[in-house]
Amino acid sequence: MQLLLPHLAEVLVEKVRVESRKVLITARTRDGTTVPCPDCGVPALRVHSRYQRHLADAALGDRTVVIDLYVRRMFCDTTHCARRTFAEQVAELTVRYGRRTPGLAEIVQTIALALAGRAGARLAAVLRIPISRTTLLNAVMATPDPVPAETRVLGVDDFATRRGRRYGTVLVDLDTHRVLDLLPGREKAPLIAWLAGHPGIEVICRDRAGAYAEAASAGAPQAQQVADAWHLWDNLTHAVERTAIAHRCCLTPPPPEHPEPTPATAPDPALNPDTGTEKWLVTRTRERHRAVRDLLAQGWTISAIGRELGLTRHTTRRYARCENPEALADRAIRTTRLDAYRPYLISRWNQGCTNASTLFRGIQAQGYPGRTPQAVRRFLRPLRDTAKKAPSPPPKPQDLTRWITRHPGHLQAEEDRLLDDVLARCPELAVLRNHVHAFARMMCDRTGTDLPSWISAVRADDLPHLHAFADGLQRDQDAVTAGLTLLWSSGPVEGHVNRIKMLKRQMYGRAALPLLRKRVLLA
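Here's a quick rundown of the structure. As the structure is a computational prediction, the values presented were derived from the model and not from experiment.

Counting secondary structure elements, the chain contains 21 helices and 12 strands. Expressed as a percentage of its 523 residues, the buried residues of the chain come to 38%. In the structure as shown, the chain presents an accessible area of about 30300 Å², 53% of it carried by carbon and sulfur atoms.

And the structure:
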């Protein structure tokens, strides 16, 4: 009994019945104990009646646990108390109107917050908790919101409940990284109302959206607004990409005035025409010659060397007598009837004749005994593959944007070379890179006070898309300067936006904002 109902001295267990799928416990509260009135708090002694409560508890193994508990209804004899009778409650076992014990109710609430409806119901069935998905969702909605603490630094960002159609606003305490609330829409009116109820906010981190800037100015005029550095860099990246698109003609190098074709040479018969590596027969001949000569230097006989390497005595003797391995390698190369006509084929190829049938008829007239042009086609295949190798395509505007906005030390050697080639052809893009690097240094060094001079330097050059970015910075100059100077950012807010996406997709996008809000605040 102690294991089933721990720490319940006021409960007397009368009977325990174990069935195939259920453990049924019959218990009652002890007589003679006083129970305080829930309204006035005066202990009550008179018993009005008893009634039975049917409570579900956490499963015991693979069996569900049900408690039939008989409790008393008491009289409240206090004259000034409006309550005449009340039912007693047992700590850690009953709550008013509850049909589950507090322990089971906590398990149900945890499952519902972690998995919501259908997935939670499947897990509850495994844990021998008979409950429906609707009941789990009701348990989430019935859970009270956490009591928010005083907020000093607030992070604001939007999230999509249905991308392109419905949005919401998430508010995060950047001191504790806890979500404070989810607001419907991303307009300024709900945010202004929320800020009016929280007058202690000192700093508001936000993106570059105008609605949030206006809401922060109207709802919390005392707070300092901070434009998030990541959003600033993202806006700058888009301006760089638009500039690269406008100068896409500079990405392609000019063609040479008088291109000279590279003359073809005869393929090396010792090399594989497909891979360019040495043929395996040549490699094997070199290795065998080396092994025979090494064993011969150690004093081995011809017969012993042949047995060791799996060679005949004649072959072993031939390797042993040959001082030059290249002569053996040349003999290992297969010769064909076409070898005598290779210089003619290479000469005609360099003159522009690339048709295999025409070349075949030319060598046939010189005495070539072959009847089909297949050997000529095989000979020309590596030459065609070399001729088909086109120059690498020019970089795309997106590639150029990535190279300009990346740290110079993180570029690969080929990327650095291509970037230098493009910048050498286009002075405007070279100036653009200088401005981007200056802005990056301003972000990394937290020198937001240099922003006015950077804007002036940008306006002195002919970069219209960067001018538009600079104009936006000047309209929001105080918040941008704070974002480039202070350490606050919207990083924790972006993390919670990702978590909101996960919870939304876990519910297949069907849940409305109230349920999503509960799970975000309580999970």
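Moving on: helix α17 (residues 451-459). All buried positions along α17 are accounted for by Leu 451, Trp 454, Ile 455 and Val 458. The buried side chains of α17 occupy one side of the element, clustering within an arc of 100 degrees when seen end-on.

Take the sheet that holds strand β11 (residues 203-206) next. Spatial ordering of the open sheet is given by β10-β9-β8-β11-β12, a layout of 5 strands whose pairing is mixed. At either margin of the open sheet sits one strand with a lone partner, and together these are β10 (178-184) and β12 (224-227). Across the sheet, the mean angle separating the axes of adjacent strands is 25 degrees when strand polarity is ignored. Pairing geometry for strand β9 (residues 166-173) and β10, over 6 bridges, is antiparallel. Its bridge partner lying in β10, Thr 169 is registered against Leu 183. Sitting on the sheet, helix α20 (residues 491-506) is in contact with β8 (153-162), β9 and β10, with an inclination near 30 degrees to β8.

Here the focus is the pattern of salt bridges. Scanning the entire structure with this criterion turns up 22 salt bridges. One salt bridge connects Glu 19 with Arg 17, and the closest N-O pair in it is separated by 3.1 Å. Taking the shortest distance from any N to any O, the salt bridge between Lys 188 and Glu 214 comes out at 3.1 Å. In this pair, Lys 188 is assigned in helix α4 (residues 188-196) and Glu 214 in helix α5 (residues 210-219), connecting sequence segments 26 residues apart. Exposure remark for Lys 188: the relative accessible area of 38% places this residue in the partly exposed category.

Before going further, it helps to spend a moment on the packing of helix α1 (residues 102-115) against helix α21 (residues 513-522). Contact geometry of α1 with α21 gives a least axis separation of 9 Å together with a crossing angle of 110 degrees. By the angle class used here, α1 and α21 are roughly perpendicular. Between α1 and α21 the crossing geometry is left-handed. Residue-level inspection shows Ala 112, Leu 113, Ala 114 and Leu 115 of α1 in contact with α21, the latter providing Lys 518, Arg 519 and Leu 522.

Right, let's get into the packing of helix α8 (residues 302-309) against helix α9 (residues 313-321). One way to put it is that α8 packs onto α9 with a least axis distance of 9 Å and a crossing angle of 110 degrees. Comparing their axes, α9 and α8 come out roughly perpendicular. For the pair α8 and α9, the contacting residues are Ile 302, Ser 303, Ile 305 and Gly 306 in the first and Arg 313, Thr 316, Arg 317 and Ala 320 in the second. Residues that form the contact of α8 with α9 fall into these classes: 3 nonpolar, 3 polar and 2 charged.

On to the environment of Asp 62. Along the chain, Asp 62 falls in the loop between β5 (47-60) and β6 (63-75). Residue Asp 62 is classed as partly exposed on the basis of its relative accessible area, which comes to 44%.

For β8, a buried count of 8 out of 10 residues is recorded, marking the element as mostly surrounded by other parts of the structure. Relative to β11, β8 is paired through 3 bridges, and the arrangement is parallel. When the sheet's bridge partners are listed, Gly 155 is paired in β11 with Cys 205. Sheet topology note: the β8/β9 ladder contains 8 bridges and is antiparallel. Bridge pairing links Gly 155 to Val 172 in β9. Taking the residues between adjacent antiparallel strands as the criterion, β8 and β9 are bridged by 3 residues, where Gly 164 takes a positive phi near 85 degrees.

In this section: unusual backbone geometry. You will see that Ala 116, though not glycine, has its phi angle at about 65 degrees, which is positive. Of note, the phi angle at Arg 446 is positive, near 60 degrees, even though the residue is not glycine. With respect to the element layout, Arg 446 can be found in the loop between α16 (427-445) and α17. The class of Arg 446 is partly exposed, set by a relative accessible area of 32%.

So, how was this worked out
- Residues numbered from 1 in each chain as written.
- Predicted model: local features only at pLDDT ≥ 70, side-chain atom pairs only at ≥ 80, totals over all residues.
- Heavy atoms only, no water.
- Helix = DSSP H or I, 4+ residues; strand = E, 2+ residues; numbered from the N terminus.
- Buried < 20%, exposed > 50% of the residue type's maximum accessible area, 1.4 Å probe, protein only.
- Areas by Shrake-Rupley, 256 points an atom, 1.4 Å probe, with all protein chains shown as cover.
- Arc of directions from axis to C-beta.
- Pairing = 2+ DSSP bridges.
- Axes fitted to C-alpha atoms, helices over the stretch in contact; angles between N-to-C directions.
- Contact = heavy atoms within 4.5 Å.
- Salt bridge = Lys/Arg side-chain N within 4 Å of Asp/Glu carboxyl O.
- Parallel < 35°, antiparallel > 145°, perpendicular 65-115°, else oblique.
- Left-handed = near helix turned anticlockwise from the far one by under 90°.
- Nonpolar A, V, L, I, M, F, W, Y, C, P; charged D, E, K, R; others polar.

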